[in-house]
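Here are the chains, one letter per residue:
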Amino acid sequence: MSAKETKTSKAKPRKEKDLQDKKRPGAWQVIAMPLLAVLTGLLVGAIVIVVTDARVIAAYRNFFQDPLGAIGLTFQTILVAYGALFSGALGSPERIFLAFERLFTTGETDGLVRAFWPLSESLVAATPYMLAGLAVAIGFKAGLFNIGAEGQFLMGALGSAWIGYTFHLPWYLHLPLALLGGAVAGALWAAVPGYLKATTGAHEVVNTIMMNWISFRLSDWLLNGPMKATGYRPITPVVDSTATLPRFFPDPIRLNLGFIVALAAAALVYWLLFKTTFGFEVRAVGTNPDASKYAGINVPRNIVLVMMLSGALAGLGGATQVLGVDHWVGQGFSAGYGFDSIAIALLGKSHPVGVILSALLWGALRNGATRMQSMAGIPIDIISIIQGLVIVFIAAPVIIRWLYRIRTLETEKVVLTRGWGK
Amino acid sequence: MAMTSARPFIKSRLLPGLLLFLAGAVIYLLFGSGVDWSQQATFGLNPTGRTEALVIPDLTLPVKASVVVLSLVAVFLGAWQMARGIRSSGLAVGLVAFAFVAAFLLWATKDNSFSLVGMLSSSLVRATPIALAALCGVISERAAVVNIGIEGILLISAQTAVIVGTKSGNLYVALIAAILVGGLVGAFHALMAVKFKVDQIVSGVAINIFAVGATSFVSSRFLEKDINGLNNSGTFPTISVPLLSKIPVLGPVLFENNIIVFLMMILVVVLHVVLFYTPWGLRTRAVGEHPKAADTLGVNVFLTRYVNVILGGMIAGLGGAYFTIGAVGRFDEVMTAGKGFIGLAAMIFGKWTPFGAFAASLLFGFADSLQVKLQILGIPIPSEFLLMAPYIVTMVVLAGVVGSAMAPAADGVPYEKN
């Protein structure tokens, strides 16, 4: 271990010299590192797919009789799986080409709709990810780790659904009110751990997780009781059409106004973080709470506000999913959004633009994975495995640098949270 | 104690005293006012089913009179607070909380019977994985490594245990496998935290996400297709300690359990001794409080952290094994349901000591088993709300205690040697 230590201490002067360069030689890495992290995650995912495939294992048992067959089957398995992932996420290029050909020859648009359906579904999937990812990202900026986005997402969905089916208003009132309801429900749900953190120092990681479990139980109760639609299934009534987010294209394509809402929210967060005093304070608290305190920033107030803003974004994510896609809430509605949003925020380096890009990527992966499950029989949970790996690679860039022999050019250190109650 | 001005007196004496009065009134109004004097509650002091304990008569209490006594406890505490001032506010809050829960139980059991021994016993059993998670937290954080990934370790080793147990047909092999896998995940976290100096909370969350994904993947790819061949291990038998299990009430609660519960109780004691009475414990604590000083004195900071986090992972692995081979003999997706996080709260509540963490875990175990028993009693509260109890208790406890609890000074801070 001591040998390693001397190596890093030797590397230090070089690092400082590089920092003095005005050109920022490592700028390309801002894009390359996350992409490499995802790529490496997918590679490891491929290994997992292969080693858990009974046919491939059987082929390797007879490796010496038919080595080429075993290797061929390995690559074929990966190709089938990731091929399904790709075409499920973006559509098959062949079909898109054929559809355009049909359009120009016969003027038919049916094929075009079907060819672009996977891509549009990826955008639909990306919409809530953008908002939930922004929620986690804004927390990171203030040094808060909101792993309760899932609960806030669920409460937002329930809030907007309730407004959506209870009130009967013209659309120009109903839709904004329903969206607002989702944001407020999420904000209130996140305000609890935020307040506890600000006043007692109780760590938000534990409290937001507890709030998640409470929200699951609460929604179980609501869906079986006060918010249950007539019928035997534990789901809410369908929201009024006046509260739904309008869709851009005719039916199978579900891309809706929610996508624009998410982009607008990202723009708003960008403005808030980088162009306002509030945003400056948030970032100051996130970088150094002690210094911020002595500079006169009200740190507890900041913590509560950021948590509420974070919860509002996650709640809005839930609202767009209800009002734009599902139109009702059922059990397990929010499953996975919390952890996904953490991966997205980390992947996007907590920057609104980065979050949009990584949410698009994530939406495509998740959407493609459903097809991979149905076509290649690979459980969709493979995405969670890849996700955990991506987070590790993002948090520990050393691994990626070592794997791909990339030199350290910038001082990068991901410090997002602090210990208990500090 | 001279009263220099009225304001501190009001704030420090009168207000808490009045609050205690109020608590007494609330206890009576909620649980005593609607009850008839003649109603009684029976608390079973003998375990149901086969037991070695001596049989003693059950405890039958008049509900209303008992609730009145309990509310008077709070009122008495309030009066004491106003007249003399209570030094330990924690004790007062604890007593009132106890009175509240006891009164609630009396009210819920009116005209009914309720096995107190069964409840205490299930509290201990339900506290087991929480306590093991908390002990994992204690040993890691005493060496200044925050481990949020305990939940993930529980999940992975729970699945490992059931698969190895079913495949090998030997639960002890399964237990060892679970412990080793827990240690392996711990080693990964240590590598990330100590060597790569990654944000420890991010690394822990990555472990949690990976664990959810990996176990669900294995579940839907293998376990669901071959339940009897992979996911049906059976559970450890109950062991009765000779003689000790004959003690009424305590015997069946403490000395009639399966091996994981016993191991947990032994670990609490062992960890306490190791942490506070051995050179290794002293080094661990030094590394947690002031790594630079420890380093100067020749303690290998990195090695200490590696060993502690790996040992912690093994303890959590034991906790994970409880879920499957210690309780139901089967793995369900995401079956740990936040127990790892509740364990962390128990660790904080127990002020980073093994005994404290154990006591806090018992509290959470009690809240958890209370929820189950109340559903059986059929009280008019929706079961979903009762299921929230452990999580709400966790939040209340964290909020009440964190301000005064001191984490090891270097907790969560990577050590840079230079």
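Residues numbered from 1 in each chain as written. Chains lettered and ligands numbered in written order. Predicted model: local features only at pLDDT ≥ 70, side-chain atom pairs only at ≥ 80, totals over all residues.

Asker: Whenever I open this one, the sheet that holds strand S2 (residues 59-62) of chain B confuses me. Can you help?
Answerer: Sheet strands associate in pairs through backbone hydrogen bonding, adopting either a parallel or an antiparallel arrangement. Residue and element names in this part refer to chain B. The strand order across the open sheet formed by three strands is S2-S1-S3, and the pairing between neighbours is mixed. Looking at strand neighbours, the two that pair on one side only are S2 and strand S3 (112-115), the edges of this open sheet. Neighbouring strand axes in the sheet, compared pairwise and without regard to direction, differ in orientation by 25° on average. One ladder, built from four bridges, connects strand S1 (residues 40-44) with S3; its direction is parallel. Residue pairing across strands places Gly 44 opposite Ser 115, the latter belonging to S3. (Pairing = 2+ DSSP bridges. Helix = DSSP H or I, 4+ residues; strand = E, 2+ residues; numbered from the N terminus. Axes fitted to C-alpha atoms, helices over the stretch in contact; angles between N-to-C directions.)

Asker: What am I meant to see in the domain arrangement of chain B here?
Answerer: Where interface size is quoted, it is often the accessible area lost as the parts come together. Residues and elements named next belong to chain B. The domain architecture assigned to chain B consists of domain 1 (6-110) and domain 2 (118-401). Taking only C-alpha atoms, the centre of domain 1 and the centre of domain 2 are 32 Å apart. Along the lines of polarity and charge, the residues of the side of domain 1 that touches domain 2 split into six nonpolar, four polar and one charged. (Domains from an automatic or database assignment. Nonpolar A, V, L, I, M, F, W, Y, C, P; charged D, E, K, R; others polar.)

Asker: Quick question: what am I supposed to make of the interface of chain A and chain B here?
Answerer: Taken together, the contacts link 44 residues of chain A with 45 residues of chain B. When residues of the side of chain A that touches chain B are traced back to their parent elements, those giving at least two are helix H1 (2-20), helix H8 (171-200), helix H9 (204-224), helix H14 (337-347) and helix H16 (382-395) of chain A. When residues in the side of chain A that touches chain B are grouped by element, the largest group, eleven residues, is from H9(A). (Contact = placed C-beta atoms within 7 Å.)

Asker: How should I be thinking about the pairing of S1(B) in this particular structure?
Answerer: Side-chain direction in a regular strand flips from residue to residue, so the side chains alternate between the two faces of the sheet. For S1(B) and S2(B), the ladder comprises four bridges, and the chain directions are antiparallel. Of the residues in S2(B), the one forming a bridge with Ala41(B) is Leu61(B).

Asker: Can you walk me through the nonpolar core in this structure?
Answerer: Within soluble globular proteins, side chains that are nonpolar tend to cluster in buried spots. Grouped together as the largest cluster of nonpolar side chains are 255 residues, with contacts concentrated most on Leu134(A), Ile391(A), Ala131(B), Leu135(B) and Ala346(B). Composition of this core by domain shows at least three residues from each of domain 1 (6-110) and domain 2 (118-401) of chain B. In this view, Ala131(B) contacts Met264(B), Val268(B), Ala346(B), Ala357(B), Phe358(B) and Ser361(B); residues no more than four positions away in its chain are not counted. (Core = buried A, V, L, I, M, F, W, Y, C linked by C-beta atoms within 7 Å. Buried ≥ 20, exposed ≤ 12 C-beta atoms within 10 Å, placed from the backbone.)

Asker: Just checking my understanding: could you explain the packing of helix H11 (residues 279-289) of chain B against helix H13 (residues 301-328) of chain B for this structure?
Answerer: Residue and element names in this part refer to chain B. Between H11 and H13, the least distance of the axes is 10 Å, while the angle of their chain directions is 105°. In terms of axis orientation, H11 runs roughly perpendicular to H13. Of the residues in H13, those touching H11 at Arg 283, Thr 284 and Val 287 are Val 301, Thr 304, Arg 305 and Asn 308. Among the residues forming the contact of H11 with H13, the class breakdown is two nonpolar, three polar and two charged. (Parallel < 35°, antiparallel > 145°, perpendicular 65-115°, else oblique.)

Asker: Is there a simple way to think about helix H6 (residues 110-141) of chain A in this case?
Answerer: Given 3.6 residues to a turn, an α-helix orients residues that are three or four positions apart in the same direction. Residue and element names in this part refer to chain A. Taking 1.5 Å as the rise per residue, H6 with 32 residues should run 46 Å; its terminal C-alpha atoms sit 45 Å apart, in good agreement. A bend of about 45° at Trp 117 is the largest found in H6, and the proline Pro 118 appears one to four places after it. With 24 of 32 residues buried, H6 lies mostly within the body of the structure. Directly beyond the C-terminal end of H6, a positive phi value near 75° is found at Gly 143. (Expected span 1.5 Å × (residues − 1). Bend = angle between axes of the 7 residues up to and from the residue.)

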